[in-house]
Structure formats: C-alpha cells, structure tokens
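A look at the structure
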Amino acid sequence: MKNKFLHTVIAILVATSCFAQQKITISKPASGSTLTFQASNAKGNIDVSKLNTKENITISPDPALSSKDYVLRIENVMGQDITATQIPDKETGVITGITSGKTLYLVFKSSGFQDLIIADIGKDASTGSQTPNPTNNLGKTVSALDFLLNNFEPTKYSYHDLKSLVMRNTRYFSGSDQAFIILDENGRLIGNVPVNLDQDDRFYIYLVVDRNDIDKYDLEVVGAEYSPVDLQIRSYEPINKETFSTQGSKSPADWTVIRFERGPYTSDNVTFNIKKTDENEQNQMETNVLSTYTLKINKLYHVAIGASFISTNLAKPDFDVFPLTDTTNTINALNNGSRTMLTFNVIWYWQNTFKYLRNGSDLTRGRDILKEPNWLTRLNPTFGVSIDNTFRENFFVGGTYEFARGGSLIFGGHYGKIKEVATKAPDGTDFVLGQSVYTGTADNIKLTDAWKWGFFFGVTLDTRIFNKILTRN
C-alpha cells in the first residue's frame, strides 16, 4: 500500500516537473537588434510545436529584458481580433495553460529591439495535433507592396503616409520640396522615380526589407554636393539690335521599413546606390549594389533678363511756332501722344522671399523654370530701362505676367525726362500752348527738363526669342 502511494506521488512529481519545465528562453543578442529564442524542457531543447498549450509554459527572458512586455495570445479564425490573451506572472514568468484549442502566438515587445513573434506554438488542444491557421495574419505571407498597403503602420519618421504615397503613386511634392523613392528588399522600385526635382529638394528613400536584415543595407550617394550660387541669372543672350514591384513574400511581421534622408543638392545629377552586405559562397561578407538611380537636378534662378515692346503715355513732344490769328503766333507741341519703345528688363523671381518667410533661410531658394508655374508665381516684379541712348532718362517699374514660356505681359509706371516750354507769355504768366501769344522764332523757344510719371504696358520676350525676331526682320 505504501509502495503504491509512493509510486503515485513520484508520478505526480514527475508529471509536474515535466510541464513546469516547458520553457521559452528569450535572449538578448550580442549585437544587432533581433531577439532570439529557444524552447526547452527537462530533457533539453525541444521543437516549439511540441509545447503543450494545455499546460503551463514558463517564459524566461534575458535579465536585461525582464521588464519588457510579453504575452502569449490567441487569435480568432479570421485573424482579426484577439479572443484571449494570457499574460505571464511577472515574478515567475508562468503562463497558465489555455484549453480553448486555438493556436498560440508568443509576442515579445521591447524598445530598441525588433518585435519577436513566434507563430504556431503548441498543439490544438481538441485534437492533439498541430494545426496552423492559414487565414491568420501572423501566418500568411505578403509582398513588400502588400505590406505597405495593408499592414504598414506609419511611424514618427514618415513625413508622408507611405500607404497614401503608394496608392496614388505620388513621389514628389514641390510645395514642400520633398521627393520620395520607395524600394523593395531587392532594390526594385515600388512605383515610379520622382522627376523635375530642383536644388532645394530633400530626398527620402524608403526600403521595405526583412527586419532581420536591417543592418545589411546602406545608401551610397555619388556625384552630389550642395554649393549654391550667390546670384543665378536665367540664361539669356546679349541683345543685339515603371511599374510596381510585387515579387517577394513574407509574413507581415517579417517586414520593416528603413528610411534614409538626403539632400538637397546643387549638382546637375545625383546618383543613389542601394547596397547590401551578405555572405558569399565562401562564407565571406560581400557588399553588392542592388540598384542604382540617377536623378537630374534642375537649377534655381533668382532673376531673368527680358526685352520688351512697350507703349507709354508719357509723351516726349517737340515744339514749333504756329499761327494763332492772322497777325499773331503761338507755340504748339508736336508728337504729343503715346509712343512705342524697346526696353531692357530684369525680372525678379520673388518666390525665394516667400519661401524664406515660410520656411526660414537655411537654403538658397529660387525659381525652377522647368516647372509649370501657378497663376501667382507667373506674376513677378520687374525693373527696366530703354534700349537706346536715352536709357539714363527712361526707367520702368512694374510687373510681368508670364502667359507662356519666354513670353510675358508687362505693365507699370514709366518715369522719364521730357522737355517743357519755359518761355513766358507777354504778360509774364506761364505760357499756355496753343493759346498764349509768342512773338519770337522757333529757335528762340526756351525749354526746360522735367521728370514725369506715365503708365506703360506691352509684351516681354526672352532675349533669345527677341534676337530671333530681330534677325528675321
């Protein structure tokens, strides 16, 4: 009787020790950011699928990780909502056995490390056989593109929502001076390459990679520098009279996003090399260039030069003697109407000042003439002088409205020097043209200089277009 009782006690102790020894050990890596794990019992390491989820499981993390969060959870058939969660005892690390029959998932979260998710732990309690759930989010595989569209959660590093970028296939935002390149783990494009970039743009390169391979990737920038020009004048002539990448598939938990920020650059081109370091067949570390992308950088201009055909109402008359009556004469003006002139104009691209007020002065700003301007940026202030030997006597201040590349409407004020009659009437009063009597000759008419304002309007042409018109004529 005593022997039978003793055997029963020993059997209970052995059974208890067996399931009490069901242990999952989580280890902190010597280097890198990927946690590792192993499952063991009294007999040593075991396959995770051998763990009996109906019995207690002990989680034994590395001491450096003991204060972090870890749970053993169950998900429903559709893989959407967690139907049960078992949190280990903080002191013992023991998770009480779950008898619902669902597949268990260990989730270990730790700041500074990649989330560790061990899928398909244990056996189905109802059948005693392993039953992976093919519809579970943690069990299915997705491509890099699907991950961005359906599983990626934006982080604090994402200036724009990557899902929105991928869905709209938008890669460049000229208003915020931001360009994006999105690549899969093999360096292939997801979407297109941004185009029409300029010298104050910043570049954001996103790589969707296996979270275990983060340290293997690097970005090399070739042939790029930031060296802005003090005054960049738009070119003039002296005036003479892909498809989405869907290859590759992993569990959503395996993907992550690497973000690189580069730029701006003032060089004509910038080349990005996507590099990855892996072991070769000789078990040596080898770095290879997965892909190369070269982008053209548009120049930014501060001012432009133009030539204008304008009409001004500031008259510059000549004066002569005319009969007033049969016996008297008067002075009258000739050519006293509007006149046409050629002017030389400097057009100021004021957008750089606007960007300074909006974003500060850390970058040299200007106008990218290869981009189609909106209605506001088509309107620019201008200053000019006449193209003749009277350029010191005619100044034009106003604005231009660009209606086409190389062509603008111009308007504003004309400040010029003209001649006025200084001769007095016989009674000593100011002379009134066409009314006061004049007794002298045309050579004796006294004139004086006067500066007056008038209004002008016309058409401004790029100097290259202007010269071609004059050459043809």
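Described below are features of the structure shown in this document. (Residues numbered from 1 in each chain as written. Predicted model: local features only at pLDDT ≥ 70, side-chain atom pairs only at ≥ 80, totals over all residues. Heavy atoms only, no water.)

**Section: the pattern of salt bridges**
- One pass over the structure, following the stated rule, counts 20 salt bridges.
- With a closest N to O distance of 3.9 Å, Glu220 and Lys275 form a salt bridge.
- By sharing partners, the salt bridges in this structure join Asp213, Lys216, Lys276 and Asp278 into a single network. (Salt bridge = Lys/Arg side-chain N within 4 Å of Asp/Glu carboxyl O.)

**Re the sheet that holds strand β21 (residues 339-348)**
- Spatially, the six strands close up into a barrel ordered β18-β21-β22-β23-β24-β25, and their pairing is antiparallel. Neighbour-to-neighbour, the strand axes of the sheet open up by a mean angle of 35°, direction not taken into account.
- Pairing analysis gives seven bridges linking strand β22 (residues 379-386) to strand β23 (residues 394-404), with the strands arranged antiparallel. Within the sheet, the bridge partner assigned to Gly384 lies in β23 and is Phe396. (Pairing = 2+ DSSP bridges. Helix = DSSP H or I, 4+ residues; strand = E, 2+ residues; numbered from the N terminus. Axes fitted to C-alpha atoms, helices over the stretch in contact; angles between N-to-C directions.)

**Describing the environment of Pro373**
- Mapped onto the fold, Pro373 is located in the loop between α4 (351-359) and β22.
- Distance from Pro373 to Arg405, taken between C-alpha atoms, is 9.9 Å for residues 32 residues apart in sequence.
- Setting aside anything within four residues of it in sequence, one finds Pro373 in contact with Arg367, Arg378 and Glu402. (Contact = heavy atoms within 4.5 Å.)

**Considering helix α2 (residues 144-151)**
- Of all the positions in α2, only Ala144, Leu145, Phe147 and Leu148 are classed as buried. Summarising the axial view, the buried residues of α2 lie within an arc of 165°, below the 170-degree limit, and thus occupy one face.
- In the core, the buried residues of α2 are packed alongside α3 (162-168), β11 (178-183), β13 (202-210) and β15 (255-262). (Buried < 20%, exposed > 50% of the residue type's maximum accessible area, 1.4 Å probe, protein only. Arc of directions from axis to C-beta.)

**Observations regarding the packing of aromatic side chains**
- Considering all chains together, one arrives at 12 aromatic pairs under this definition.
- Pairing Phe180 with Tyr206 gives two aromatic rings, centres 6.1 Å apart and planes at 15°, and the pair type is stacked. In this pair, Phe180 is assigned in strand β11 and Tyr206 in strand β13, connecting sequence segments 26 residues apart.
- Residue Tyr206 is classed as buried on the basis of its relative accessible area, which comes to 1%.
- Within the aromatic cluster, the residues linked to one another by ring pairs are Phe383, Phe395, Tyr415, Trp451 and Trp453.
- For the cation-ring pair, Arg367 lies above Tyr349, with the distance from its terminal atom to the ring centre recorded as 4.8 Å. (Phe/Tyr/Trp six-rings, centres within 6.5 Å; stacked < 30°, edge-to-face > 60°. Lys NZ or Arg CZ within 6 Å of the ring centre and 35° of its normal.)

**A short note on the sheet that holds β11**
- Read across the sheet, four strands follow the order β10-β11-β13-β15 without closing on themselves; strand pairing throughout is mixed. The two strands at the open ends of the sheet, each matched to only one other strand, are β10 (172-173) and β15.
- Relative to β15, β13 is paired through eight bridges, and the arrangement is antiparallel. Within the sheet, the bridge partner assigned to Val209 lies in β15 and is Thr256.
- Running at roughly 90° to β15, α2 makes contact with β11, β13 and β15 of the sheet.

**Overview of a nonpolar patch on the surface**
- A cluster of nonpolar side chains, namely Leu379, Phe411, Phe455 and Phe457, defines an oily patch on the protein surface of about 380 Å² accessible area.
- Relative to the helices and strands, Leu379 is located in strand β22. (Patch = residues over 30% accessible without salt bridge, like charges linked within 9 Å, V, L, I, M, F, W, Y side chains within 5 Å. Areas by Shrake-Rupley, 256 points an atom, 1.4 Å probe, with all protein chains shown as cover.)

**Quick notes on the pairing of β22**
- Note: β21 against β22, five bridges, orientation antiparallel. Considered in β22, the bridge of Asn345 is made with Gly384.

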